[in-house]
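# Observations on chain architecture
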Amino acid sequence: MNLSRKRLHQPSKLAPVRAAILAAIVLAVAAIFAAAARADRPYAPSRDYHLQNVRVSLRFDLDQRKVIGEVTHTLSTLRDGLTHLDFDCADLTVSSARVNAKDTTFELRDDKLRVNLAQPAKAGEKFEVNLRYEGKPTTGLYFILPDKDDPGRPKEIWTQGEAEDTHHYIPIYDYPNDRTTSEMILTVPGDWLTVSNGKLLSVQDAAGGMKTWTWRQSLPASTYLISFVAGEYKEKKDTWRNIPVTYYVPRGLEDTIDSTFSHTKQMLDFFSERFGVAYPWEQYAQTAVDEFVAAGMENVSATTLSARDMVHADLAAERAEAADSLISHELTHQWFGDLVTCKDWTNTWLNEGFATFGANLWEEHQYGADASGYRYWREQNNWMPSKELFPIPIVTRDINDSVEYAGNVYDKGGWVLHMLREQLGDEAFFRALKHYLEANRLQNVVTADLVKAIEESTGTNVDPFFDQWIYGAGAPRFAVKFTYEAAGKKVSLNVKQTQKVEGHVGLFRVPVDVAITTARGEKVFPVEVSKAEETIAFAVDGPPLMVLFDKGDKILKSLDFQKSPEEWIRQLQTAQEVPDRADAAFALGNIKDNDAVTAALGEAARSDRFWGVRNEALRALGRVNSPNARKQVLAALSNEQPWVRQVAVEQMGNFTRQGLRHNGAPRKGAFHFIAGRYSPPGFAPRHGHGRRQRSCSIAARMVGARKAIVLAQCRDQRFGPR
Ligand SMILES: [Zn+2]
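Predicted, not measured: the structure shown is a model, and the values here were computed from it.

On to the overall build of the chain, then. Secondary structure summary: the chain contains 21 helices and 29 strands in total. When each of the 722 residues of the chain is scored for burial, the buried share is 48%.

Glancing now at the packing of helix α15 (residues 595-607) against helix α16 (residues 611-624). Contact pair α15 / α16: the axes reach a minimum separation of 7 Å and the direction vectors enclose 145°. Between α15 and α16 the crossing geometry is left-handed. Contacts from Thr598, Leu601, Gly602, Ala604 and Ala605 of α15 reach α16 at Val613, Arg614, Ala617, Leu618, Ala620, Leu621 and Val624. The residue inventory of the contact of α15 with α16, partitioned by class, reads nine nonpolar, two polar and one charged.

Contact geometry for helix α4 (residues 264-275) and helix α7 (residues 349-367): axes closest at 11 Å, N-to-C directions at 110°. Put simply, α4 runs roughly perpendicular to α7. Of α7, the residues touching α4 (which contributes Met267, Phe270, Phe271 and Arg274) are Gly358, Leu361, Trp362 and His365. Among the residues making up the contact of α4 with α7, the classes are represented as five nonpolar, two polar and one charged.

Strand direction decides the pairing type here: strand β2 (residues 66-77) and strand β8 (residues 126-135), joined by 10 bridges, are antiparallel. Bridged to Val71 within β8 is Leu131.

Next up on the list: the sheet that holds strand β29 (residues 558-561). Across the sheet, which stays open at both edges, the four strands sit in the order β27-β24-β23-β29 with mixed pairing between neighbours. In the strand order of this sheet, the two ends are held by β27 (533-539) and β29, each with one partner. Averaged over all pairs of adjacent strands, the angle between strand axes in this sheet comes to 25°, irrespective of strand direction. When strand β23 (residues 477-485) meets strand β24 (residues 490-497), the two strands line up antiparallel, connected through eight bridges. Counted as the bridge partner of Lys481 is Asn494 from β24.

Looking now at the sheet that holds strand β12 (residues 193-196). Across the sheet, four strands lie side by side as β9-β10-β15-β12; this open sheet has antiparallel pairing. Here the strands that pair on one side only, and so sit at the sheet edges, are β9 (141-144) and β12. Between one strand axis and the next, the sheet turns through 10° on average, direction left out of account. In the sheet, strand β10 (residues 156-159) pairs with strand β15 (residues 228-231) via three bridges, with the strands oriented antiparallel. Looking at β15, one finds that Trp158 is bridged to Val229.

Next up on the list: the environment of Thr187. Relative to the helices and strands, Thr187 is located in strand β11 (residues 180-189). Residues Thr187 and Ser57, 130 residues apart in the sequence, show an inter-C-alpha distance of 7.8 Å. For Thr187, the residues in contact, after removing those within four places along its chain, are Arg59, Ala206, Met210 and Thr212.

Attention now moves to the nonpolar core. Among the nonpolar cores identified, the biggest contains 181 residues, and Val249, Ala585, Leu588, Leu601, Ala617, Leu621 and Ala648 are the most heavily contacted of them. No fewer than three residues from each of domain 1 (18-37 + 345-469) and domain 2 (475-562) sit in this core. In contact with Ala648, not counting residues within four places along its chain, are Leu618, Val633, Ala636, Leu637 and Asn639.

Another aspect to go through is α4. Taking 1.5 Å per residue as the helical rise, α4 with its 12 residues ought to reach 16 Å, and the 16 Å between its terminal C-alpha atoms agrees with that figure. Listed in full, the buried residues belonging to α4 are Thr264, Met267, Phe271 and Phe275. Seen along its axis, α4 keeps its buried residues to an arc of 50°; they face one direction. The secondary structure elements touched by the buried residues of α4 are β17 (243-250), α3 (257-261), β18 (284-289), α6 (324-333), α7 and α10 (426-439). Within two residues after α4, Gly276 carries a phi angle of roughly 75°, on the positive side.

Turning our attention to α15. With 13 residues, α15 extends 18 Å from end C-alpha to end C-alpha; this agrees with the ideal 18 Å at 1.5 Å per step. Within α15 the residues assigned to the buried category are Val597, Thr598, Ala600, Leu601, Gly602, Ala604 and Ala605. Along its buried surface, α15 packs onto α13 (565-574), α14 (578-588), α16 and α17 (627-635).

A few words now on the confidence of the model for the chain. Per-residue confidence for the chain averages 89 on the pLDDT scale, and 86% of its residues sit at or above 70. Low pLDDT, under 50, characterises residues 29-36; the predicted model gives this stretch 13 contacts beyond four residues in sequence or across chains. In this model residues 657-673 is a low-confidence stretch, pLDDT under 50, and it forms 24 contacts with partners more than four residues away in sequence or in other chains.

Cis peptide bonds are those with omega within 30 degrees of zero, and the linkage from Glu162 to Ala163 qualifies with 5°. Following the sequence through the fold, Ala163 ends up in the loop between β10 and β11. The residue Asn100 is not glycine, and still its phi comes out positive at about 45°. In this structure Asn100 comes out as exposed when scored by C-beta crowding, with 12 C-beta atoms within 10 Å.

What counts, and where the lines are drawn
- For every chain, the first residue of the written sequence is number 1, and numbering continues from 1 onward in sequence order.
- Predicted model: local features are reported for residues with pLDDT of at least 70 only, side-chain atom pairs are reported and counted for 80 or more only, and whole-chain, interface and lining totals are derived from all residues.
- Think of it this way: any DSSP run of H or I at least four residues long counts as a helix, any run of E at least two long counts as a strand, and we number them from the N terminus.
- The burial label depends on the number of other C-beta atoms within 10 Å of a residue's C-beta. Counts of 20 or more mean buried, 12 or fewer mean exposed, and intermediate counts mean partly exposed, with C-beta atoms placed from the backbone.
- Helix axes are fitted to C-alpha atoms over the stretch in contact, other axes to C-alpha atoms as well, and angles between N-to-C directions run from 0 to 180 degrees.
- Each crossing is labelled by how the near helix is turned from the far one, with a counterclockwise turn of less than a right angle marking it left-handed and a clockwise turn marking it right-handed.
- Placing C-beta atoms from the backbone, we regard two residues as in contact once those atoms come within 7 Å.
- Note that Gly is not counted as nonpolar here; it falls among the polar residues with everything else outside the nonpolar set of Ala, Val, Leu, Ile, Met, Phe, Trp, Tyr, Cys and Pro and the charged set of Asp, Glu, Lys and Arg.
- Here is the rule for angles: anything less than 35 degrees is roughly parallel, anything more than 145 is roughly antiparallel, 65 through 115 is roughly perpendicular, and the remaining ranges are oblique.
- Strand pairing is assigned whenever DSSP detects at least two bridges linking the two strands.
- Residues enter a nonpolar core if they are buried, belong to Ala, Val, Leu, Ile, Met, Phe, Trp, Tyr or Cys, and are joined to the set through C-beta atoms within 7 Å.
- For each domain, the first and last residues come from an automatic or database assignment.
- Every helix has an expected span of 1.5 Å times one less than the residues it contains.
- Taken from the helix axis, the directions to the C-beta atoms give the arc we talk about.
- Residue-level confidence of the predictor is what pLDDT reports, using numbers from 0 through 100.

Dropping the structure here:
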């Protein structure tokens, strides 16, 4: 599941931003939590039976927002002496229960449907349980229908099973620790489309102008991954290696299909090759639905996405990467989450950490190592300051909600896999992933299964790594300084771990690359640090011009490195890797009243070779917040990439707030000017370069950049999805 795309695209290190991210997480989690009738269970329940097949037939009363259903469970018992079979069941009234085609008694209590057996069963006995029911689900199944505010909107019905909500529209075993094949039979108005799991077997005419759609998922999956979407959707069909690849959007959003989904087939190729296991299902459908409860959900072979996250063709050029992070996250889940599924919510990082990691892998593949390095850097700087997340291990039973610590299971989980890849090396790491997928194919797993697969395939015992990063909490907070001894040509690096060692947080033992640049060039020293404080000496050939601790940011950490402004400037200008230059930009943003610093940030904001460093330099200038800094930001407003210009305009908003005068009523033309810089093409003003900067400056003064941003967002809505 992807809770909110917003979380993946926040800038970092600034307190208000952190608060906004936390608020976004809290809201997303609260929304899901509020919808759930009960807490998610941290332990998998013991099972009485194994579900083999679930055959569901559904009809709908749109006026009453009611589902009318029949389900037949084929199951085999796992113990002797069972007198009844229990199913999770909420919001539903059951009218009949039959076991092996004979009516039987049943009772419904505390969200459990108990179906009585005629006589005690033996382990291994097979049963067919047929239930007829109806109800108005409060969660799990959603009716999106026209109303007086929006009489023309498309009619839609869609489901969301994760975490434990499938039983609000099907009486069913509703926990991940079992897998079943399934059939979804939907009777809907004749002009609707439906999407469900697996393969479409048939569409047949039914009474009253209706049609009955039959879908079959022929490989077993956990029941939270069962789904359907039905309604007034538009479809685009394609194929990949002879399986259907389809895209669906609500009527009216057809223009978003190509600009949102265009990389899907390349991703199917990429992940099939990278994970070493071909995409395993009979189709890949992606459906955008209105008012979805998350950004995306990896229902097996049939991902559901939020229509809010569709990208309009006119806006695609304005974004760094369309909807790729969402699309690649959910697609990664088709392997990590769906083919191999966490056994319980305690191990949900095996789903979400991998999906986060997979999205970053795609980013690296498609947009380059700079882009993925920058993304890890931002995720690190969002995660490290969190007082709520830091003391909690990734694997914890102490949860009421499967994504209670979303920042741990998603972002930190992705980071941990990133570190593991770095430490094992690509060849061993991806061999281990392939083995993990093959050994646990169509199984449910706990973290120990991943550890075992890595050891089996590479010989490496990763117990210490998992103990500190998965079962332990936190991450190292380093305070680092160095001295140079000219006589002995020696750099002494003093390294402290300043995180409070308590609870699940310990001292970390991590490999780091120390890179020392002298007049003769750079030398990299791999070292391991493990102590509360240690000093490491390095023989060098002259005075150090630049010292990097953990070059390239390979370890999840915070780093307080004492350096002079000149050293930071050199790092901003000359460090090879994006995280090191971004660190320098951030550090320089703390230095006020220094013309050389402001000029260096301005230079980086205009011309660093990677846009993310330009963004960080702009943000740093916003924090410097001097007339000089403002000049530098203005000079960067003509940046090539719209997503850099947007940060520049945002920073202008800071300056405006800080005391630039507003002269009377805002001018419409000025609004349009700034908005046009990062809004649909066609509105781009026809002025020359110099005049554009000048006009932008005037516009920012007169209307306040904040207002322009609001306007631009309004425009986005007009051009983008409803
Ligand atoms: Zn996910």
